[in-house]
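What follows is the residue order along each chain.
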Amino acid sequence: MAITKICCIGAGYVGGPTCSVIAMQCPHIKVTVVDISAQRISQWNSEKLPIYEPGLDDIVKKQRNVNLFFSTNIEESIQEADLIFISVNTPTMTFGVGKGRAVDLTYVENCARTIAQVSTNNKIVVEKSTVSVRAAENILKILNANDKPNVKFQVLSNPEFLSEGVAVENLLNPDRVIIGHEETADGLWAFKELSKVYLNWIPESKILKTNIWSSELTKLAANAFLADRISSINSISVICEAIGADVSEVAKGIGLDSRIGPKFLQASVGFGGSCFQKDLLNLVYICECLNLPQVAVYWQQVLDMNVYQKSRFSNKIIKSLCNTVTGKKITMFGFAFKKDTGDTRESPAIYVAKTLLDEGAKLNIYDPRVEPGQIKKDLTHLYVTDNPENVIKSIEIHDNPYKASHSTHAIIICTEWDKFVNLDYEEIYKHMIKPAFIFDGRKILNHKTLATIGFQVHTIGKR
Ligand SMILES: NC(=O)c1ccc[n+]([C@@H]2O[C@H](COP(=O)([O-])OP(=O)(O)OC[C@H]3O[C@@H](n4cnc5c(N)ncnc54)[C@H](O)[C@@H]3O)[C@@H](O)[C@H]2O)c1
Ligand SMILES: O=c1ccn([C@@H]2O[C@H](COP(=O)(O)OP(=O)(O)O[C@H]3O[C@H](CO)[C@@H](O)[C@H](O)[C@H]3O)[C@@H](O)[C@H]2O)c(=O)[nH]1
């Protein structure tokens, strides 16, 4: 059998880009991305896609309705597919045992149940969502508990490693593709079928064959290591501020060691995004369940350091502004969790905004990609405020950085958007209240030039 029809359940940040690239690289395969959200599907079928990723629009426009389809007809798409990706969200539990830590696999389980119910021929089911370890066992249990002796399922684990903002680049040229399979002849066959899809554009040397449990754990471990590097350099940034060293210089010195390497050593206001915190919490919870308290504490520290970094930065802003921001107007440049995305999930900007709003500040917010409605939704969320009306009165969302900074006391760089680097800061300075402050939470600006203009400049990891 050769795969000719793929169904992907979940049209989100992973399902959409991943399947668009598969459709482009495999013109002989029909790829259908399905979702329970009719709104999301209609956005994927419209001119304005539901997510922003550099390069994605062109691919979708080229492949859509050729061999790439977005649909709400989940059952029909599952029925006709040879291979099904489960790419649904796996958030942190918000209730019950494991609340705030364990990963919620309800959506994955729902997919398995639907696949089991509606399938009429053999399927390869691929776990692409980031799950807990041994999650595939439960998926298999559900799939095999049907009364269809002629329908056989193979479950593979094929975690996704793309980073937002560079998703298309990562998908076209991944560092590796990991495929975990059951250690049986049928499991090996399923591995080969999925490999053949990737081999259309990815060299065989990059496809790593593992058992399912190694594959599931590799995803969590990779994110834990990446987040660990950021917390490590952020911890060094604290020492730099205390002793007068410069964390950028230290990072460069560390990164030149070929065993360490230069990537992911950018000290910042803290890491955000939908994955690092969720996956680390999941890892910590797994360790606790396995009765490995020392290992759990080790990884918990990576998260604790991130909270510390966000709070240190927020407190520095308040302290520098004469210990009070009550009634003061402050500009936030950037609200997304990183540049080149409109995604705000777990964005450090939310933490900074909450701290300042709690202290009575007024915020002017500008982000090149985040929708105003999303900013309002994030800042009026139950976790952020118990007074949403007051928050709405205290924020202004701007579509222009010059207007956003007009008549304000300070600018905070929360996201490392390239366009913030080349703004006319002399012009901006003229229209700000003096003394005018800049808090560069991403270390992207030329601090010497800003100081020459007259700004009081504060950053991370440097006095
Ligand atoms: N965002 C990333 O950069 C990234 C990268 C690698 C891995 N991951 C992992 O991939 C998974 C998906 O992440 P995402 O960011 O794409 O999530 P997302 O929230 O953007 O998208 C998930 C989609 O699944 C849909 N869905 C949920 N249950 C469904 C069901 N039963 N049937 C049909 N559709 C259903 C939701 O409506 C939603 O549109 C998560 O496990 C995440 O940890 C994410
Ligand atoms: O040196 C650095 C690098 C990143 N960050 C921050 O870390 C967060 C995460 O960035 P990044 O990892 O680039 O983006 P994500 O899209 O969250 O991607 C991570 O999470 C995905 C979901 O699991 C994985 O697939 C990716 O491999 C993994 O990099 C962002 O807030 C960044 O600003 C830093 O502060 N300093």
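Because the structure is a prediction, the values reported are computed rather than measured.

### Describing the site of ligand 2
Around ligand 2 sit 21 residues, and of these Leu162, Asn223, Ser268, Cys275 and Arg442 come closest. Contacts to ligand 2 include Ser268, whose side-chain N or O atom sits 2.6 Å from an oxygen atom. The contact in question runs from an oxygen atom of ligand 2 to an N or O atom on the side chain of Lys338, over 2.8 Å. Relative to its free-state accessible area of 690 Å², ligand 2 is covered by the protein chains to the extent of 91%. For the shell around ligand 2, the secondary-structure elements that each account for two or more residues are helix H9 (212–243) and helix H11 (276–289). By residue number, the principal contributor to the shell around ligand 2 is H9, which donates four residues. Looking at side-chain class alone, the shell around ligand 2 contains ten nonpolar, five polar and six charged residues.

### Here we look at the site of ligand 1
The environment of ligand 1 is formed by 25 residues, the closest being Asp35, Arg40, Thr90, Glu164 and Lys278. Contact distances for ligand 1 include 2.9 Å between an oxygen atom and a backbone N or O atom of Thr130. The fraction of the free accessible surface of ligand 1 (840 Å²) that becomes covered by protein chains is 91%.

### What to know about empty space enclosed by the protein
One water molecule sets the probe size; rolling that probe over the atoms shows where empty space is left. Counted by the stated rule, this structure contains three cavities of 30 Å³ or more. Empty space within the largest cavity amounts to approximately 40 Å³. Forming the boundary of the largest cavity are Glu127, Ser129, Thr130, Val131, Ser157, Pro159, Glu216 and Lys219. Grouping the amino acids of the lining of the largest cavity by side-chain chemistry returns two nonpolar, three polar and three charged.

### A short note on the UniProt feature "active site" (unreviewed entry) in the protein chain
This chain's UniProt record puts "active site" (unreviewed entry) on Cys275. Mapped onto the elements of the fold, Cys275 is located in the loop between helix H10 (247–255) and H11.

### Here we look at the sheet that holds strand S11 (residues 395–398)
Remark on secondary structure: sheet strands pair via backbone hydrogen bonds, oriented parallel or antiparallel. Pairing in this open sheet of six strands is parallel, and the strands run S11-S10-S9-S12-S13-S14 from one edge to the other. In this open sheet, the two strands that pair with only one neighbour each are S11 and strand S14 (456–459). Taking each pair of neighbouring strands and ignoring which way they run, the sheet shows an average axis angle of 20°. Where strand S10 (residues 362–366) and S11 come together, four bridges link them in parallel fashion. Its bridge partner lying in S11, Leu363 is registered against Ile395. Each of S10 and S11 touches helix H14 (residues 372–379); the most contacted strand, S11, lies at about 155° to it.

The rules behind each value
- Residues numbered from 1 in each chain as written.
- Chains lettered and ligands numbered in written order.
- Predicted model: local features only at pLDDT ≥ 70, side-chain atom pairs only at ≥ 80, totals over all residues.
- Heavy atoms only, no water.
- Near = heavy atom within 4 Å.
- Polar contact = N/O pair within 3.5 Å; in protein donor to acceptor, adjacent residues only side chain to side chain.
- Areas by Shrake-Rupley, 256 points an atom, 1.4 Å probe, with all protein chains shown as cover.
- Helix = DSSP H or I, 4+ residues; strand = E, 2+ residues; numbered from the N terminus.
- Nonpolar A, V, L, I, M, F, W, Y, C, P; charged D, E, K, R; others polar.
- 1 Å grid on protein atoms, 1.4 Å probe; cavity = no way out; pocket = protein on both sides within 12 Å on 5 of 7 lines; lining within 4 Å.
- Points joined across faces, edges and corners; volume = space filled by probe spheres on them.
- UniProt positions renumbered as here; feature names shortened; annotations may be inferred.
- Pairing = 2+ DSSP bridges.
- Axes fitted to C-alpha atoms, helices over the stretch in contact; angles between N-to-C directions.
- Contact = heavy atoms within 4.5 Å.

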